[in-house]
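In case you want the letters, here they are:
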Amino acid sequence: MLHFPVSEFDRRIRNVRAELERRGLDALLIFAQESHYYLTGFDTGGYKFFQCAILTTDETPITLMTRRPDLPQARLTSTIEDIRIWVDAEGANPAEQLKTILQEKGLQGKRLGIELDTHGLTAANWEKVRVACDGWCTLIDASTVVSLQRVVKSPLELDYVRRAASLADEVIRVVAACAGPDVHEGEVEAAAGAAVLRGGGDITIAKVIMSSGPNAMMTRASSGSRTMRAGEQLTCEWGGIYRRYHAGIFRTFAIGKAKPEHKEIFEIANASLHAMTEAAMPGEPIGNIDREHRRVFDEAGYENERQPSAGYSVGATFPPKGLPDSPPLLYTGNPMIAQPGMTFFLHAVWSDPRTGSAMMLGHTIVITEDGREVLSKLVPEYYECL
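The rules behind these values
- Residues numbered from 1 in each chain as written.
- Predicted model: local features only at pLDDT ≥ 70, side-chain atom pairs only at ≥ 80, totals over all residues.
- Heavy atoms only, no water.
- Helix = DSSP H or I, 4+ residues; strand = E, 2+ residues; numbered from the N terminus.
- Rg over C-alpha atoms; globule rule 2.2 N^0.38 Å.
- Buried < 20%, exposed > 50% of the residue type's maximum accessible area, 1.4 Å probe, protein only.
- Contact = heavy atoms within 4.5 Å.
- Areas by Shrake-Rupley, 256 points an atom, 1.4 Å probe, with all protein chains shown as cover.
- Lys, Arg positive; Asp, Glu negative; His and termini not counted.
- Charge placed at Lys NZ, Arg CZ, Asp CG, Glu CD.
- Pairing = 2+ DSSP bridges.
- Axes fitted to C-alpha atoms, helices over the stretch in contact; angles between N-to-C directions.
- Left-handed = near helix turned anticlockwise from the far one by under 90°.
- Polar contact = N/O pair within 3.5 Å; in protein donor to acceptor, adjacent residues only side chain to side chain.
- Arc of directions from axis to C-beta.
- Core = buried A, V, L, I, M, F, W, Y, C linked by side-chain atoms within 4.5 Å.

1. Focus on the overall build of the protein chain
For step 1, the next point in the chain: For the protein chain, the count of helices and strands is 10 helices and 14 strands.
For step 2, the next point in the chain: A compact globule built from 386 residues would reach a C-alpha radius of gyration of about 21 Å, and the protein chain, at 23 Å, matches this within 12%.
For step 3, the next point in the chain: By principal-axis analysis of the C-alpha atoms, the protein chain measures approximately 70 × 45 × 35 Å.
For step 4, the next point in the chain: Expressed as a percentage of the 386 residues in the protein chain, the buried residues total 54%.
For step 5, the next point in the chain: Summarising the internal contacts of the protein chain: among those between residues at least 6 apart in sequence, 69% fall at separations of at least 24.
For step 6, the next point in the chain: Of the roughly 16300 Å² of accessible surface on the protein chain, a fraction of 51% belongs to carbon and sulfur atoms.
For step 7, the next point in the chain: Charged side chains of the protein chain number 41 positive and 50 negative; the gap between the two group centres comes to 2 Å.

Next comes the structure, spelled out in structure tokens:
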């Protein structure tokens, strides 16, 4: 099923065609799954293989080249009607079949944009395309043509981001209620996942961060789980997901009674999150957000314990990308101007390997006409899970 009206997809395609013409390109070879989803609704995991859509600047319909297992996916989830299948075989080279389609569309000798900055095009497959098209047409990296369009969300997209933020809030409520001494991390993660599914959301294929004890300092998920003990901390970063749209939330929990030093650093992290949120203003560089993030931590003497950036853009993404839909990243000096409709996950992340302590707070915002809106309805607090 389509998650947006056809008119929404038509508008997006028109904008991308206009950008291709502005860059002097005759077509775009689409390999990023996020681009497939954004432009047509095509929702699949088949991008791990060779899969390409061709969008020309004229009114010719999009052509998708994919494998047979993805044919039902394309028919049921997308607006694409022209679907070509390449067949697995010893020595098969789908890039040659792609070249045949390009020839059919009259693109020999033309300037073609191609999405290179994506997990949907491996180096091996890029080499096949490069060799097949060498001297036949000109391939130009156009990875940002669609991705920059996607940074600013439409009102319909923002509805999904808000639903995702609501699911993320529910996860934090569940974690606060379920976590505690002698409770296994897996029990907490299972309860959180069940709450998301009951709320109509999606579970990411990538493992979320649900790490306690010495692992509470980690900002990447790892395999395995453990039983929590009194006096420890639990870090939870969850991406609420609704129709592939993400909204992140970050919280650190005390397992049992919180230690005084944990409460103290919570106040600093919370002040940093507040400062960076206030710095998110339309018409201003997004680098200002990280400038304020750094200022609060550095003035407190924690320059070495904070992260070098304050977050990133979020939107509709596919594994292994996970929660970040970047660029843009929120780093000091980033000149990109904030515009209404941009959605960012802001995080204040502090960890001290000397003591094994951590404090991580974060929420998702949307840039508005006169400021920003925090999508999480949960006021940051340091939970004690007794």
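2. Quick word on the pairing of strand β3 (residues 63–66)
For step 1, the next point in the chain: Covered by surrounding structure in β3 are Thr63 and Met65 together with Leu64 and Thr66, the residues of both alternating faces.
For step 2, the next point in the chain: The pairing of strand β2 (residues 52–56) with β3 spans three bridges and is antiparallel. Bridge pairing links Cys52 to Met65 in β3.
For step 3, the next point in the chain: Of the strand pairs in this sheet, β3 and strand β4 (residues 82–85) are connected by four bridges, and their pairing is parallel. When the bridges of β4 are listed, Met65 appears paired with Arg84.

3. Re the sheet that holds β4
Either a parallel or an antiparallel arrangement is found when strands of a sheet pair, and the pairing is made through backbone hydrogen bonds.
For step 1, the next point in the chain: Spatial strand order, β4-β3-β2-β1-β5-β6: six strands in an open sheet with mixed pairing. Looking at which strands have only one partner, the edges of the open sheet turn out to be β4 and β6 (138–141). Mean inter-strand twist for the sheet, computed between neighbouring axes without regard to direction, equals 25 degrees.
For step 2, the next point in the chain: Sheet analysis places strand β1 (residues 27–30) next to strand β5 (residues 111–114), joined by three bridges and oriented parallel. Across the sheet, the residue bridging to Ala27 is Leu112, located in β5.
For step 3, the next point in the chain: Where helix α1 (residues 6–22) meets the sheet, its contacts fall on β1 and β2, and the angle it forms with β2 comes to roughly 70 degrees.

4. Some thoughts on the packing of helix α7 (residues 155–178) against helix α8 (residues 185–198)
For step 1, the next point in the chain: One can describe the packing of α7 onto α8 by two numbers: an axis separation of 9 Å at closest approach and a directional angle of 145 degrees. As α7 runs across α8, the sense of the crossing is right-handed. In contact with Leu167, Glu170, Val171, Val174, Val175 and Cys178 of α7, α8 contributes Val188, Ala191, Ala192, Ala195 and Val196.

5. A short note on unusual backbone geometry
For step 1, the next point in the chain: Of note, the bond from Pro319 into Pro320 is cis; its omega dihedral lies within 30 degrees of zero at 5 degrees.
For step 2, the next point in the chain: At the junction of Ser326 and Pro327, the peptide bond is cis and its omega measures out at 5 degrees in the coordinates.
For step 3, the next point in the chain: Even without glycine at this site, Asp182 takes up a positive phi of about 65 degrees.
For step 4, the next point in the chain: As for its placement among the helices and strands, Asp182 is situated in the loop between α7 and α8.
For step 5, the next point in the chain: In this structure Asp182 comes out as exposed when scored by relative accessible area, which is 57%.
For step 6, the next point in the chain: A positive phi angle, close to 75 degrees, is found at Arg244, a residue other than glycine.
For step 7, the next point in the chain: Tracing the backbone through its elements, the reader meets Arg244 in the loop between β8 (233–242) and β9 (245–255).

6. Section: the side chain of Asp290
For step 1, the next point in the chain: Position of Asp290 among the secondary structure elements: in helix α10 (residues 287–299).
For step 2, the next point in the chain: For Asp290, the side chain forms a polar contact with the side chain of His293, separated by 2.9 Å.
For step 3, the next point in the chain: Side chain to side chain, Asp290 and Thr332 meet in a polar contact 2.7 Å long.
For step 4, the next point in the chain: Non-local contacts of Asp290, meaning those with residues more than four positions away in its chain, are made with Pro308, Ser309, Ala310, Leu330, Tyr331 and Thr332.

7. What about helix α5 (residues 123–133)?
For step 1, the next point in the chain: Every buried residue of α5 is accounted for by Asn125, Val129, Ala132 and Cys133. Around the axis of α5, the buried residues are gathered within 90 degrees of arc, so they sit on the same side. Turned more than 90 degrees off the buried face of α5, the exposed positions are Ala123, Ala124 and Val131.
For step 2, the next point in the chain: In the core, the buried residues of α5 are packed alongside α4 (94–104), β5 and β6.
For step 3, the next point in the chain: Residue Gly135 follows α5 closely and has a positive phi angle near 80 degrees.

8. Focus on the nonpolar core
For step 1, the next point in the chain: In this structure, Met276, Ile289, Leu330, Phe344, Leu346, Met359 and Ile367 are the most contacted members of the largest nonpolar core, which totals 25 residues.
For step 2, the next point in the chain: Looking at this core, the elements with two or more residues in it are α9 (260–279), α10, β11 (343–352) and β12 (357–367).
For step 3, the next point in the chain: The element best represented in this core is α9, accounting for five residues.
For step 4, the next point in the chain: The contact partners of Met276, leaving out residues within four places of it in the chain, are Ile289, Glu292, His293, Ala310, Leu346, His347 and Ala348.

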